[in-house]
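Below are the chains, spelled out letter by letter.
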Amino acid sequence: MSELVKFSRQDGVGVITVDNPPVNALSPGVPEGILAAVQNAQSDGAVDALVLIGAGRTFIAGADIKEFGKITSGERSAALGLAEVILAIEDSAKPVVCAIHGTALGGGLEVAMGAHYRVAVASAQVGQPEVKLGIIPGAGGTQRLPRLAGVARAVEMCAFGEPIKASAALESGIVDRIVEGDLLTGAIAFAREVIQRKPHKPRDRNEKLGDAANIFAAAREQARKTKRGMMAPQAAIDAVEAATTLPFEAGIKREAELFRECLFSDQSKAMIHAFFGEREVAKIPWLPKDTPVKEIRKAAVIGAGTMGGGIAMNYANAGIPVILKETTQEALDRGIATITKNYANSVKKGRFTQSVMDQRMGLLRPQLTYDGFEEADIIAEAVFEGMALKKEVFGEIDRVAKPDAILATNTSTLNIDEIASTTSRPQMVIGHHYFSPANVMRLIEIVRGKETSAEVIATSMALAKKLNKIGVLVGNCRGFVGNRMLHVYLRESESLVEEGASPAAVDRALYDFGMAMGPFAMSDLAGLDVGWRIRKEHKYPPTIADALCEMGRYGQKTGAGWYRYQDGRTPTPDPEVDALIEKLRKQRRIITDEEIVERTIGALIQEGAKTLDEGIAMRAVDIDIIYIHGYGFPVYRGGPMWYGKATIQS
Ligand SMILES: NC(=O)c1ccc[n+]([C@@H]2O[C@H](COP(=O)([O-])OP(=O)(O)OC[C@H]3O[C@@H](n4cnc5c(N)ncnc54)[C@H](O)[C@@H]3O)[C@@H](O)[C@H]2O)c1
């Protein structure tokens, strides 16, 4: 037997154990090992049934994603061989039971669905998350899942990629039994119960493949909305539909075609880049491996506004007690009311229970003083943006904080070194730049000042992970990486308007490109006055946005900005803005969608390249992750730098 797959016998049952830490991925050697074990067992007189189980913390958690890149680069043939292995499991004359703990995802669930039965522990999860990498299940998943779980469940799992819990898997027929106690013992007992039964092949089970036209139409519509611009969810729906219209073998062929189309697409390459990128950004090559990481046991946040409230929630969500300090009772009450409303919404939506909410609220300590700050391991500042105020607040923090506390600022644009200079310990000062809403958006730009210590950087990166965020380390300059690039992108958008495009046309072209929002709708949401204040502080030349602010049009919050908001949320073009633009614009010519995309995204890419040259961004992938997770850049285009490179190459 191979190193990766082991075989033993217990009570007349052959136990095949996949042992490929950390997650028992289907790397080369694993499918071959399973195949050999199943084949050998057919003639093994001491074995009447088989159990397939994972060693360590999980069942097979998926394919080896690096293999996909090898296929598209031609290094390996497209056939993974997995489909054949699964057929061999299914064709076994002796019943095969898969025993699932941890997760059975992607190829892992496909292997499990080749078996005649599946048992799982209550905490297990199963899923077909391939669409998150821009592909679809390629080893029969779209054909066997509807046969086991019905069409609606199969479409949902294959097209949207969210895993389901063991209880739901049991209810829908993916799992046959939930095992209490030891999984292997339970699986062997189950296998002994079914020894006398003739193995029932999942591929022959057609009872659940009824007329499902409505399901497909509804799923396509939902995917168009929630997975806008992505080809894999639509392909996954097509593949599941093939299960209902074609015999199994033809369905498998159709799935294989769709799988290849997706795998060789630019979208999947971009999404795989983004997947690895999320892991890559956590690595700081120049940081010594033995840099100590401080434990963060207590936190304090200053400012309970839009950002401070969300930041405090992040700490409470991670189980870290957090003080929330404000200047007035009114602002404090407002901040706490928003947090309470956000948590209550999550409870209403079933994300967690009331008792979890109570526990999190219990970790929050709202107050108007610095009491208890001397115990905080980290103090996160989120007061109004303005250098004078930041300096004043950091002066106060310096007086109350313990010597080894991390002092973090959420400033979006201000100079970290200047803020740090007002303290007696600039080595402890760092930027933790969250994105709005801070409790939802996963990105934190971690901004190092020139004196920030290695320990403070390492602790900040580890803290990001603990808060379930993606920390990206960047250098200190105006706007850091994300907002510095955003500045030129917005400026280019405004230039297009000055030359003849309407704000709505620019927004639509970029929305169609895949951005979560167009630049003008986004500016209205963020508040035009923020940029106005910054431009005034830095003495930038006046813009149309400044003129809008002078008219009291700050964006959504005042019911008007680049657009009008009659219902408070929906942008409608406004003749008053058209008139203003007409007065201020320099020329009027026809501007195509291509020009809009080329110039605005081009501006992002160029500025991104400058941040790399200057060492503000460490790697191109850092910029890509910042833009995907902080600015709504379409993940299926891989981030601006990846997109720039791909466009130049094509
Ligand atoms: N809003 C965003 O989208 C966003 C995104 C990233 C970063 N930021 C940055 O986060 C910071 C806060 O922005 P915001 O949008 O949350 O502002 P906000 O106006 O919503 O909140 C600021 C809060 O700070 C409080 N405050 C002011 N001085 C204080 C003091 N001395 N002690 C305690 N509280 C004090 C105010 O009462 C107010 O409630 C700014 O530096 C901003 O640039 C904002």
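Model, not experiment: these values are computed from the prediction.

Colleague: Talk me through the packing of aromatic side chains; I want residue IDs and the actual numbers.
Modeller: Throughout the structure, instances matching the rule amount to 11 aromatic pairs. Ring centres of Phe435 and Tyr631 lie 5.3 Å apart, and the angle between their planes is 75°; this geometry places the pair in the edge-to-face category. One end of the pair, Phe435, is in the loop between β15 (429-434) and β16 (443-448); the other, Tyr631, is in the loop between α26 (620-630) and α27 (640-649), with 196 residues separating them in the sequence. Exposure remark for Tyr631: the relative accessible area of 9% places this residue in the buried category. Cluster of aromatic residues (ring-pair linked, three or more members): Phe435, Tyr627 and Tyr631. If you follow Lys325 out to its NZ or CZ, it ends over the ring of Tyr370, 4.7 Å from the centre. Note that Lys536 overlies the ring of Trp532, its terminal NZ or CZ placed 3.8 Å from the centroid.

Colleague: So, the pattern of salt bridges: which residues are in play, and what are the values?
Modeller: Per the stated rule, a full pass over the model turns up 46 salt bridges. Between Arg442 and Glu278 there is a salt bridge, with the nearest N and O atoms lying 4.0 Å from each other. Taken together, the positions of Arg442 in the loop between β15 and β16 and Glu278 in helix α12 (residues 266-280) put the pair 164 residues apart, joining distant regions of the chain. Classification of Arg442 by relative accessible area gives partly exposed; the value is 32%. A cluster of three or more residues bridged by salt bridges with shared partners is formed by Glu90, Asp91, Arg144, Lys201 and Arg203.

Colleague: How would you sum up the site of the ligand? Please name residues and give values.
Modeller: As a matter of local geometry, the ligand sits amid 22 residues, with Met307, Glu326, Glu385, Lys390 and Ser412 nearest to it. Lys390 is positioned with one of its side-chain polar atoms (N or O) 2.6 Å from an oxygen atom of the ligand. Contact between the ligand and Ser412: an oxygen atom at 2.6 Å from a side-chain N or O atom of the residue. For the ligand, whose free accessible area comes to 830 Å², the fraction covered by protein is 81%. When residues of the shell around the ligand are traced back to their parent elements, those giving at least two are α13 (306-317), α16 (387-400) and β15. Counted by class, the shell around the ligand contains nine nonpolar, nine polar and four charged residues.

Colleague: Describe the nonpolar core, naming the residues involved and giving the relevant values.
Modeller: In terms of nonpolar packing, the biggest core is built from 89 residues, with Ile34, Val51, Val126, Ile136 and Ile174 touching the most fellow members. The leading source of residues in this core is helix α6 (residues 151-160), at seven residues. Judged by nonpolar contacts, the second largest core, of 73 residues, contains Leu496, Ala521, Ala545 and Ala547.

Colleague: Talk me through the state of the cysteines; I want residue IDs and the actual numbers.
Modeller: Counted by the stated rule, this structure contains zero disulfides. With no disulfide of its own, Cys98 has Cys158 as its nearest cysteine by sulfur position, at a separation of 17 Å. With no disulfide of its own, Cys158 lies closest to Cys262 among cysteine sulfurs, the gap being 12 Å. On the accessibility criterion, Cys158 (1% relative accessible area) is buried.

Colleague: Could you give me a rundown of helix α15 (residues 354-363), with the residues and numbers involved?
Modeller: Residues Met357, Arg360 and Leu363 constitute the buried set of α15. One face of α15 carries all of its buried residues, which in axial projection span an arc of 120°. In α15, the exposed residues that point more than 90 degrees away from the buried face are Ser355, Gln359 and Gly362. On its buried face, α15 sits against α13, β11 (322-325), α14 (329-348) and β12 (364-367).

Criteria and cut-off values
Residues numbered from 1 in each chain as written. Predicted model: local features only at pLDDT ≥ 70, side-chain atom pairs only at ≥ 80, totals over all residues. Heavy atoms only, no water. Phe/Tyr/Trp six-rings, centres within 6.5 Å; stacked < 30°, edge-to-face > 60°. Helix = DSSP H or I, 4+ residues; strand = E, 2+ residues; numbered from the N terminus. Buried < 20%, exposed > 50% of the residue type's maximum accessible area, 1.4 Å probe, protein only. Lys NZ or Arg CZ within 6 Å of the ring centre and 35° of its normal. Salt bridge = Lys/Arg side-chain N within 4 Å of Asp/Glu carboxyl O. Near = heavy atom within 4 Å. Polar contact = N/O pair within 3.5 Å; in protein donor to acceptor, adjacent residues only side chain to side chain. Areas by Shrake-Rupley, 256 points an atom, 1.4 Å probe, with all protein chains shown as cover. Nonpolar A, V, L, I, M, F, W, Y, C, P; charged D, E, K, R; others polar. Core = buried A, V, L, I, M, F, W, Y, C linked by side-chain atoms within 4.5 Å. Disulfide = S-S within 2.5 Å. Arc of directions from axis to C-beta. Contact = heavy atoms within 4.5 Å.

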